[in-house]
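# Architecture and fold: a report
So the chains spell out like this:
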Amino acid sequence: MISVSAPSTTVVLCVLAAGLATAFFGIHLFTRWGSARARARLRRRHPLGDTPTATRRVRRAAIGWTTLGTLLCLACAAALVVTYDPQKTRFEARDPYRSCGDVTLAQGQELKTRATREIACLRRALDRDRTAELKVTSLTVEGDQVREYYRITPHRALEIYTDSTDDRFSDGTWTYFGCDDPAWTPEPSCSR
């Protein structure tokens, strides 16, 4: 199976800038001043003596540059729309909280048996009206990693972010779930 990663935002924005510059150059060739300069340059290089031929060449170049620039801009806009994940953006913009640790679960291992100290840290934060965050990495049946982030907010709420981007057999997105009154059975959860 071939895995293609999404282009980085920086690359997409750079190509978008190039597309805008190309489109503006093409539009510039449509203006009276731009087309006159282009025709004069063309006549200096190739003394055609035929102004209609130079005009046609400049017009074709203007259409070509404008079309190329527009296509680049549309491709970049599509890439930005397709790769945008609102839950990931929300997670990345979160306030940093005190860490309760980072737990890695083996396949089939449960959080309540592996991370009792870390769960107690979250519980203490909730009881003391403090913030805390716990990162849990688990494996799917196929061996892909899924990361969950349990967060206790200043308002005594539980937030759960799940990063499934490395799970080949999922939708490959982030999910978010939160509640104001978390349950502890014995691991943190929200009644869904």
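Heads up: the structure comes first, above all this text.
Residues numbered from 1 in each chain as written. Predicted model: local features only at pLDDT ≥ 70, side-chain atom pairs only at ≥ 80, totals over all residues. Heavy atoms only, no water.

### A few points about the sheet that holds strand β1 (residues 99-104)
- Taking strand neighbours across the sheet as the criterion, the five strands line up as β1-β2-β3-β4-β5 in an open arrangement whose pairing is mixed. Of all the strands in the sheet, the pair left with one neighbour each is β1 and β5 (174-179). When strand polarity is set aside, the average angle formed by the axes of neighbouring strands in this sheet is 10°.
- By the bridge criterion, six bridges tie strand β3 (residues 145-152) to strand β4 (residues 158-163) in an arrangement that is antiparallel. (Pairing = 2+ DSSP bridges. Helix = DSSP H or I, 4+ residues; strand = E, 2+ residues; numbered from the N terminus. Axes fitted to C-alpha atoms, helices over the stretch in contact; angles between N-to-C directions.)

### Comments concerning the pairing of β3
- The element β3 is largely enclosed, with a buried count of six among its eight residues.
- Joining the antiparallel neighbours strand β2 (residues 132-139) and β3 is a turn of five residues, in which G143 adopts a positive phi near 95°.
- Hairpin geometry of β3 and β4 is characterised by an intervening segment of five residues between the two adjacent antiparallel strands and by a positive phi of about 65° at R156. (Buried < 20%, exposed > 50% of the residue type's maximum accessible area, 1.4 Å probe, protein only.)

### Examining the state of the cysteines
- A complete count under the given rule lists one disulfide for this structure.
- The disulfide bridge from C100 ends at C121, spanning 2.0 Å between sulfur atoms. With the S-S bond torsion at -70°, the cross-link from C100 to C121 turns out left-handed. Linking C100 in strand β1 with C121 in helix α6 (residues 116-127), this pair joins segments that are 21 residues apart in sequence. When sorted by exposure, C100 lands in the same class as C121, which is buried. (Disulfide = S-S within 2.5 Å.)

### Re the packing of aromatic side chains
- In total, this model carries five aromatic pairs according to the counting rule given.
- Look at F91 and Y149: their rings are 4.4 Å apart centre to centre, the planes differ by 45°, and that puts the pair in the tilted class. One end of the pair, F91, is in helix α4 (residues 86-92); the other, Y149, is in strand β3, and 58 residues separate them in sequence.
- Residue Y149 is classed as buried on the basis of its relative accessible area, which comes to 10%.
- Just above the ring of F91 sits the side chain of R94; from NZ or CZ to the centre is 3.8 Å. (Phe/Tyr/Trp six-rings, centres within 6.5 Å; stacked < 30°, edge-to-face > 60°. Lys NZ or Arg CZ within 6 Å of the ring centre and 35° of its normal.)

### Some thoughts on α6
- Counted at 1.5 Å a residue, the expected span for α6 with its 12 residues is 16 Å, and the 16 Å between its end C-alpha atoms agrees.
- Every buried residue belonging to α6 is among E118, I119, C121, L122, A125 and L126, and all of these are buried. Across the axial projection of α6, the buried residues extend over an arc of 150°, all falling on one side. Opposite its buried face, α6 presents the exposed residues T116, R117 and D127, each directed more than 90 degrees away.
- Where α6 is buried, its residues contact β1, α5 (111-114), β2, β3, β6 (183-184) and β7 (188-189).
- Taken from the residues just after α6, D129 is the one with a positive phi, measuring 55°. (Expected span 1.5 Å × (residues − 1). Arc of directions from axis to C-beta. Contact = heavy atoms within 4.5 Å.)

### Points about the nonpolar core
- Ranked by size, the top nonpolar core spans 20 residues in total, and within it L111, L122, L134, Y150 and L158 carry the most contacts.
- Only β1, α6, β2, β3 and β4 provide two or more residues apiece to this core.
- Setting aside residues no more than four positions away along its own chain, Y150 makes contact with L111, L122, A132, E133, L134, V136, L158, E159, I160 and P188. (Core = buried A, V, L, I, M, F, W, Y, C linked by side-chain atoms within 4.5 Å.)

### A word on the environment of G101
- Here G101 lies in strand β1.
- Since its relative accessible area comes to 25%, G101 is described here as partly exposed.

### A few points about the side chain of T162
- Looking at the element boundaries, T162 is found in strand β4.
- For T162, the residues in contact, after removing those within four places along its chain, are V146, R147, E148, T173, W174 and T175.

### Some words on the pairing of β2
- Both β1 and β2 contribute to a ladder of four bridges, which runs parallel. Considered in β2, the bridge of V103 is made with V136.
- Where β2 lies against β3, eight bridges are found, and the strand directions are antiparallel. Paired with L139 across the two strands is Q145, which belongs to β3.

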